Amino acid sequence: MAKPFSVPPVVFRSSAVQRRPPPRPASPGLPFMSFDLGPAPSSSSFSARVPGSFEDEPPLLEELGIDTRQIWRKTSSILNPLRVAAHLHDDADLSGPFLFLMLFGLFQLLAGKLHFGVILGWVTVATLFLYAVFNLLAGRSGNLDLHRCLSLVGYCMLPMAIFSAASLFVPRGGVTIFAMAAVFVLWSTRVCTALLVALASCGDELRGLVAYACCLVYTVFSLLVIF
Amino acid sequence: MSLFLLLVRCCPQPSLHDRPSSLSLFLLLLCASSHLPPLPLFYSLFLLFRGGPNCFLDNPWPLPLLLLSLCASPLDMYDNLGNQAGMQGPTTNPPPNPFGNAFYGAGSGLIRGGLGAYGEKFLGSSSEFMQSNISRYFSNPQYYFQVNDQYVRNKLKVILFPFLHRGHWTRITEPVGGRLSYKPPVYDINAPDLYIPFMAFGTYIVIAGFSFTPEILSLQLTRGLAGWFMQVLLLKGLLYSLGSGEAPLLDMVSYGGYAFTGLSLTMLARLCWSYSYYFLMPWMSLCMGVFLVKTMKRVLFTEMRSYEKHSSRQHYLLLFMAIAQFPLFFWLGKVAAG
């Protein structure tokens with residue numbers, strides 16, 4: 001049944017480079033599987049074909065919307081728990097949080113625990129929990145949306161990632177690790193509450209209530225590090 | 001539904017524990033009673049068939065999804081019903097709408113609620129038939145979250161030391177739009193709220209994770225939800241047997257959830273000193289019993305007919321409710337040592 005069929009040569013509009021016609025089917029057992037085993041047309045011929053289209057493309061990170069300078073600025077603002085720059089977090093992006101979550105998972109991996117799936121699941125649940133609690137508490141004036149909530153929760157995971165790295169050098173089950181956990185959870189909570197209250201137009205009287213919800217979320221993550 | 005129960009009973013038990021049938025039964029009851037979207041339910045049932053209760057250890061997704069479905073429907077509702085004041089008392093008839101009638105013959109309330117919840121999420125438009133269905137069972141949840149710091153502190157004092165509450169226990173009413181409604185929790189210490197129960201439940205889960213490994217968190221979540229559900233059943237059953245049972249369901253959910261505050265405190269104390277458990281737990285059960293008796297007495301007072309007030313039957317049932325707190329607290333305090 002290996003009926004040979006002829007394919008007309010493919011001609012591109014703006015160049016004279018032609019593809020070779022596909023070869024005849026080689027093996028009789030697979031008549032319909034014929035693929036071009038020859039050398040593919042080189043990429044230089046592509047750029048020569050439509051001049052300027054490849055060089056005109058924006059850089060990959062810019063196309064993906066990842067602004068590394070902004071991520072660095074946001075990161076360094078979180079490193080200082082006492083002074084919170086909320087205006088930097090107006091544009092919510094998810095690449096910084098992704099990076100921090102991967103770092104957290106990496107440090108857990110260095111400790112011998114494979115927690116990537118658990119981190120993903122718990123971050124999702126934590127985001128939904130905070131989103132629900134914050135919007136219900138703030139009532140009419142709460143305008144937190146899920147994207148921004150996830151972005152804030154992810155950025156405030158930076159202290160957790162640092163805690164995970166630091167816990168590699170501390171003996172397990174001692175008092176020091178619990179004390180460190182308390183410090184880092186408080187750091188995360190303070191930054192997260194300050195950002196939430198500043199960004200999502202909530203009154204100051206709800207600060208303590210939102211802080212307790214954030215505290216619960218980050219305590220759960222510190223459990224991953226301790227145990 | 002009975003077919004499902006039959007399947008659940010007949011499913012093979014590969015693991016050493018013999019709890020999967022009760023767990024899946026509980027899940028079925030929970031989802032059926034609150035009209036959750038069916039997908040997480042089916043997925044969790046599928047997992048249970050395959051692997052027993054330990055399946056949730058490796059794969060904690062179904063339980064958060066279940067919780068999410070529980071939170072999602074009131075959340076979608078709050079911006080639909082936000083223009084109403086905090087309405088208590090008998091719920092009004094839902095406004096007639098063409099979509100509700102069109103879907104009524106389509107299937108059970110489970111599918112209707114599920115389609116409503118998913119339709120809302122995917123299409124992004126507020127669906128009126130879901131609004132009318134949900135408002136028949138839940139009052140406006142926004143009312144229960146109008147709290148502030150001061151209310152939370154005072155309410156915690158009332159819950160943990162109900163003997164020391166010097167004021168009265170009745171809720172303050174105000175006339176709104178021609179009918180009496182209760183003041184929101186910000187203005188009234190005796191009003192129920194949902195912030196404290198949810199935070200206390202979260203604290204209970206987290207502290208349970210602290211005392212043992214984090215893997216049992218999902219099991220503890222299920223156990224906590226079961227306890228909360230039983231508490232709500234108890235309160236609602238009490239209301240039905242003594243009165244007309246017209247108090248809003250979310251009120252009962254709120255009163256039932258206050259148990260977790262004392263429970264979390266006891267578990268926290270147990271982390272520090274293990275013998276404190278033996279005298280703190282009965283003390284907290286007693287406090288919760290007193291709190292519930294005083295609250296439910298007021299709730300029943302407003303609903304019952306005048307010739308039935310102060311009956312001995314009412315007193316015996318309230319006493320039973322207070323005594324039932326003890327086994328409930330001890331069961332919830334027992335961390336599932338997997």
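Since the structure is predicted, the reported quantities are computational estimates derived from the model, not experimental observations.

Q: Provide a residue-level description of the overall build of chain A, including the pertinent values.
A: Per the secondary structure count, chain A includes nine helices and zero strands. When the helices and strands of chain A are listed from N to C terminus, the series reads α-α-α-α-α-α-α-α-α. Scored against the burial criterion, the 227 residues of chain A give a buried share of 41%. For chain A, the exposed area adds up to about 12900 Å²; of that, 67% sits on carbon and sulfur atoms.

Q: Please give an account of the confidence of the model for chain A that cites residues and values.
A: Residue and element names in this part refer to chain A. Chain-level pLDDT for chain A is 81 on average; 81% of the residues reach the 70-or-more range. Least confident of the elements in chain A is helix α1 (residues 43–49), whose mean pLDDT is 47; most confident is helix α7 (residues 158–166), at 94. When the criterion is pLDDT under 50, residues 40–48 qualifies, and its contacts beyond four places in sequence or with other chains add up to one contact.

Q: I'd like a description of the nonpolar core, backed by residues and values.
A: The biggest cluster of nonpolar side chains holds 113 residues, and the ones touching the most others in it are Phe221(A) and Tyr195(B). Ranked by residues supplied to this core, first place goes to helix α9 (residues 207–226) of chain A with 12 residues. Ignoring sequence-local partners within four residues, the contact set of Tyr195(B) consists of Val133(A), Leu137(A), Leu209(A), Val210(A), Tyr212(A), Tyr144(B), Phe145(B), Val147(B) and Val152(B).

Q: Give me the pairing of strand β1 (residues 173–176) of chain B: which residues, what numbers.
A: Residues and elements named next belong to chain B. Here β1 pairs with strand β2 (residues 179–182) via four bridges, running antiparallel. Looking across to β2, one finds that Thr-173 is bridged to Tyr-182. Hairpin connection from β1 to β2: two residues lie between these consecutive antiparallel strands, with Gly-177 at a positive phi of about 60°.

Q: Would you mind going over the packing of aromatic side chains in detail, with residue names and values included?
A: Residue and element names in this part refer to chain B. By the definition in use, this model includes 23 aromatic pairs over all chains. Ring geometry for Tyr-143 versus Tyr-144: centroids 5.1 Å apart, planes at 90°, classification edge-to-face. Taken as a pair, Tyr-143 and Tyr-144 share a single burial class, namely buried. For the pair Phe-145 and Phe-198, a centre-to-centre distance of 6.4 Å together with 20° between the ring planes defines the contact as stacked. Residue Phe-145 is located in the loop between α8 (128–137) and α9 (149–160), and its partner Phe-198 is located in helix α10 (residues 195–211); the two are separated by 53 residues in the primary sequence. According to the relative accessible area criterion, Phe-145 is buried, its value standing at 4%. A relative accessible area of 29% places Phe-198 in the partly exposed class. Members of the aromatic cluster, joined through ring pairs, are Phe-145, Phe-198, Phe-201, Tyr-204, Trp-228 and Phe-260. One cation-aromatic arrangement involves Arg-171 over Tyr-182; the distance from NZ or CZ to the ring centre is 4.0 Å. The ring centre of Tyr-277 lies 4.6 Å from the NZ or CZ of Arg-270, which sits over that ring.

Q: Describe helix α12 (residues 249–257) of chain B, with residues and values.
A: Residue and element names in this part refer to chain B. Counting buried positions along α12 gives eight out of nine residues, so the element sits mostly inside the fold. If you check which residues of α12 are buried, you get Leu-250, Asp-251, Met-252, Val-253, Ser-254, Tyr-255, Gly-256 and Gly-257. Where α12 is buried, its residues meet α10, α11 (217–242), α13 (259–272) and α14 (276–303).

Q: How would you explain the pattern of salt bridges if you had to name every residue and give the values?
A: Per the counting criterion, the structure on display carries three salt bridges over all chains. In this structure, Asp91(A) engages Lys74(A) in a salt bridge whose closest nitrogen and oxygen atoms are separated by 3.9 Å. Of this pair, Asp91(A) sits in the loop between α3 (68–78) and α4 (95–110) while Lys74(A) sits in helix α3; the two residues are 17 residues apart in sequence, bridging distant segments of the chain. Exposure remark for Asp91(A): the relative accessible area of 40% places this residue in the partly exposed category. Two residues, Asp251(B) and Arg171(B), come together in a salt bridge whose shortest N-O distance is 3.1 Å. A residue pair is termed long-range when its members are at least 10 positions apart, and Asp251(B) in helix α12 and Arg171(B) in the loop between α9 and β1 qualify at 80 residues. Residue Arg171(B) is classed as buried on the basis of its relative accessible area of 15%. Within this structure, Lys74(A), Asp91(A) and Asp93(A) form a network of salt bridges that share partners.

Parameters and conventions
Residues numbered from 1 in each chain as written. Chains lettered and ligands numbered in written order. Predicted model: local features only at pLDDT ≥ 70, side-chain atom pairs only at ≥ 80, totals over all residues. Heavy atoms only, no water. Helix = DSSP H or I, 4+ residues; strand = E, 2+ residues; numbered from the N terminus. Buried < 20%, exposed > 50% of the residue type's maximum accessible area, 1.4 Å probe, protein only. Areas by Shrake-Rupley, 256 points an atom, 1.4 Å probe, with all protein chains shown as cover. pLDDT = per-residue confidence, 0-100. Contact = heavy atoms within 4.5 Å. Core = buried A, V, L, I, M, F, W, Y, C linked by side-chain atoms within 4.5 Å. Pairing = 2+ DSSP bridges. Phe/Tyr/Trp six-rings, centres within 6.5 Å; stacked < 30°, edge-to-face > 60°. Lys NZ or Arg CZ within 6 Å of the ring centre and 35° of its normal. Salt bridge = Lys/Arg side-chain N within 4 Å of Asp/Glu carboxyl O.

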